[in-house]
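Listed below are the residues making up each chain.
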Amino acid sequence: QVSLVESGGGLAQPGGSLRLSCAASGSILRLYAMGWYRQAPGKQRELVAELTSGGSTNYADSVKGRFTISRDKAKNTVALQMNSLKPEDTAVYYCKADRVTVATIGTGDYWGKGTLVTVSS
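Presented here is an overview of the structure given in this document. (Residues numbered from 1 in each chain as written. Predicted model: local features only at pLDDT ≥ 70, side-chain atom pairs only at ≥ 80, totals over all residues. Heavy atoms only, no water.)

## Some remarks on the overall build of the protein
Okay, step 1: A count of helices and strands for the protein gives 0 helices and 11 strands.
Okay, step 2: Going from N to C terminus, the protein has its helices and strands arranged as β-β-β-β-β-β-β-β-β-β-β.
Okay, step 3: For 121 residues, the compact-globule estimate of 2.2 N^0.38 gives 14 Å, and the protein sits close to it at 14 Å.
Okay, step 4: Seen along its three principal axes, the alpha-carbon backbone of the protein occupies a region of about 50 × 25 × 20 Å.
Okay, step 5: Counting only residues that meet the buried cut, the protein has 43% of its 121 residues in that class.
Okay, step 6: A fraction of 56% describes how many contacts in the protein between residues 6 or more apart in sequence connect residues 24 or more apart. (Helix = DSSP H or I, 4+ residues; strand = E, 2+ residues; numbered from the N terminus. Rg over C-alpha atoms; globule rule 2.2 N^0.38 Å. Buried < 20%, exposed > 50% of the residue type's maximum accessible area, 1.4 Å probe, protein only. Contact = heavy atoms within 4.5 Å.)

## A short note on the pattern of salt bridges
Okay, step 1: Counted under the stated rule, the structure contains 6 salt bridges.
Okay, step 2: Among the ionic contacts, a cluster of salt bridges with common partners joins Arg38, Glu46, Arg66 and Asp89. (Salt bridge = Lys/Arg side-chain N within 4 Å of Asp/Glu carboxyl O.)

## Some words on the nonpolar core
Okay, step 1: By size, the foremost hydrophobic cluster in this structure holds 33 residues, and its most contacted members are Leu4, Met34, Trp36, Leu80, Met82 and Tyr93.
Okay, step 2: Only strand 1 (2-7), strand 3 (18-26), strand 4 (28-39), strand 5 (46-52), strand 7 (67-72), strand 8 (77-82), strand 9 (91-102) and strand 11 (115-119) provide two or more residues apiece to this core.
Okay, step 3: With 6 residues, strand 9 is the largest single contributor of residues to this core. (Core = buried A, V, L, I, M, F, W, Y, C linked by side-chain atoms within 4.5 Å.)

## Quick notes on the pairing of strand 3
Okay, step 1: In the sheet, strand 1 pairs with strand 3 via 6 bridges, with the strands oriented antiparallel. Across the sheet, Val5 pairs through a bridge with Ala23, a residue of strand 3. (Pairing = 2+ DSSP bridges.)

Next up, the structure:
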(Lines give C-alpha, C1' and ligand atoms only; values in the text may rest on other atoms or scores of the structure.)
Protein backbone atom coordinates (compact mmCIF):
# COMPACT_ATOMS: atom_id res chain seq x y z
CA GLN A 1 0.00 0.00 0.00
CA VAL A 2 1.04 3.63 -0.52
CA SER A 3 0.47 6.47 1.90
CA LEU A 4 0.58 10.16 0.96
CA VAL A 5 0.87 12.61 3.83
CA GLU A 6 0.45 16.34 3.24
CA SER A 7 1.62 19.15 5.50
CA GLY A 8 1.92 22.91 5.45
CA GLY A 9 -1.65 24.10 5.11
CA GLY A 10 -3.08 26.85 7.25
CA LEU A 11 -4.15 30.46 7.24
CA ALA A 12 -2.48 33.11 5.13
CA GLN A 13 -3.29 36.72 4.37
CA PRO A 14 -3.93 37.87 0.81
CA GLY A 15 -0.57 38.41 -0.83
CA GLY A 16 1.10 36.04 1.55
CA SER A 17 2.82 32.70 1.03
CA LEU A 18 2.48 29.10 2.12
CA ARG A 19 4.42 25.98 1.28
CA LEU A 20 2.78 22.59 1.05
CA SER A 21 4.70 19.35 1.25
CA CYS A 22 3.72 15.76 0.51
CA ALA A 23 5.62 12.56 1.13
CA ALA A 24 4.75 9.21 -0.43
CA SER A 25 5.71 6.11 1.47
CA GLY A 26 5.39 2.39 0.87
CA SER A 27 7.05 -0.25 -1.27
CA ILE A 28 7.23 2.05 -4.28
CA LEU A 29 9.14 0.75 -7.28
CA ARG A 30 8.27 3.49 -9.76
CA LEU A 31 6.27 6.69 -9.66
CA TYR A 32 5.38 8.63 -12.81
CA ALA A 33 4.09 11.96 -11.56
CA MET A 34 3.17 13.81 -8.42
CA GLY A 35 0.93 16.79 -8.18
CA TRP A 36 -1.52 18.93 -6.28
CA TYR A 37 -5.25 19.31 -6.72
CA ARG A 38 -7.66 21.48 -4.79
CA GLN A 39 -11.33 21.55 -4.01
CA ALA A 40 -13.11 24.66 -2.85
CA PRO A 41 -16.52 24.46 -1.14
CA GLY A 42 -19.22 23.72 -3.67
CA LYS A 43 -16.76 23.22 -6.50
CA GLN A 44 -15.20 20.26 -8.28
CA ARG A 45 -11.69 19.14 -7.54
CA GLU A 46 -9.26 20.72 -9.99
CA LEU A 47 -5.64 20.32 -10.94
CA VAL A 48 -3.32 22.94 -9.48
CA ALA A 49 0.06 21.68 -10.62
CA GLU A 50 1.78 18.44 -11.53
CA LEU A 51 5.33 17.35 -12.21
CA THR A 52 6.28 14.22 -14.11
CA SER A 53 9.34 12.04 -13.60
CA GLY A 54 10.72 13.50 -16.82
CA GLY A 55 10.52 17.02 -15.43
CA SER A 56 7.46 18.25 -17.31
CA THR A 57 5.19 20.60 -15.41
CA ASN A 58 1.57 21.53 -15.84
CA TYR A 59 -0.07 24.42 -13.98
CA ALA A 60 -3.62 25.66 -13.81
CA ASP A 61 -3.90 29.04 -15.53
CA SER A 62 -5.13 30.58 -12.29
CA VAL A 63 -1.86 29.84 -10.46
CA LYS A 64 0.74 30.35 -13.19
CA GLY A 65 3.41 32.76 -12.07
CA ARG A 66 2.38 32.46 -8.43
CA PHE A 67 2.79 28.77 -7.55
CA THR A 68 5.83 26.58 -8.09
CA ILE A 69 5.89 22.80 -7.86
CA SER A 70 9.05 20.88 -7.06
CA ARG A 71 9.82 17.24 -6.49
CA ASP A 72 12.51 15.06 -4.97
CA LYS A 73 12.29 11.83 -6.96
CA ALA A 74 14.69 9.98 -4.70
CA LYS A 75 12.57 10.71 -1.64
CA ASN A 76 9.17 10.57 -3.38
CA THR A 77 8.23 13.98 -2.11
CA VAL A 78 6.57 16.94 -3.78
CA ALA A 79 6.21 20.53 -2.64
CA LEU A 80 4.06 23.43 -3.72
CA GLN A 81 5.31 26.94 -3.04
CA MET A 82 2.36 29.30 -3.12
CA ASN A 83 3.05 33.01 -3.36
CA SER A 84 0.81 36.03 -3.85
CA LEU A 85 -2.09 34.10 -2.40
CA LYS A 86 -5.62 35.21 -3.14
CA PRO A 87 -8.86 34.52 -1.28
CA GLU A 88 -9.96 32.39 -4.23
CA ASP A 89 -7.05 30.04 -3.51
CA THR A 90 -8.91 28.94 -0.39
CA ALA A 91 -9.54 25.20 -0.69
CA VAL A 92 -8.56 21.79 0.54
CA TYR A 93 -5.36 20.84 -1.27
CA TYR A 94 -4.76 17.20 -2.12
CA CYS A 95 -1.54 15.51 -3.09
CA LYS A 96 -1.75 12.89 -5.82
CA ALA A 97 0.73 10.33 -7.07
CA ASP A 98 0.13 8.98 -10.57
CA ARG A 99 0.99 5.56 -11.93
CA VAL A 100 2.67 4.30 -8.80
CA THR A 101 4.08 0.80 -9.14
CA VAL A 102 4.06 -0.96 -5.79
CA ALA A 103 5.75 -4.24 -5.01
CA THR A 104 3.26 -7.18 -5.01
CA ILE A 105 0.31 -4.85 -5.69
CA GLY A 106 0.73 -3.33 -9.13
CA THR A 107 0.21 0.13 -10.55
CA GLY A 108 -2.35 2.70 -9.55
CA ASP A 109 -3.02 6.29 -8.52
CA TYR A 110 -3.04 7.42 -4.90
CA TRP A 111 -4.41 10.45 -3.05
CA GLY A 112 -3.56 12.13 0.20
CA LYS A 113 -6.25 13.10 2.69
CA GLY A 114 -5.89 16.81 2.02
CA THR A 115 -4.77 19.91 3.86
CA LEU A 116 -6.82 23.07 4.25
CA VAL A 117 -5.52 26.37 2.92
CA THR A 118 -7.42 29.49 3.92
CA VAL A 119 -6.56 32.88 2.50
CA SER A 120 -8.25 35.65 4.41
CA SER A 121 -7.51 38.95 6.07
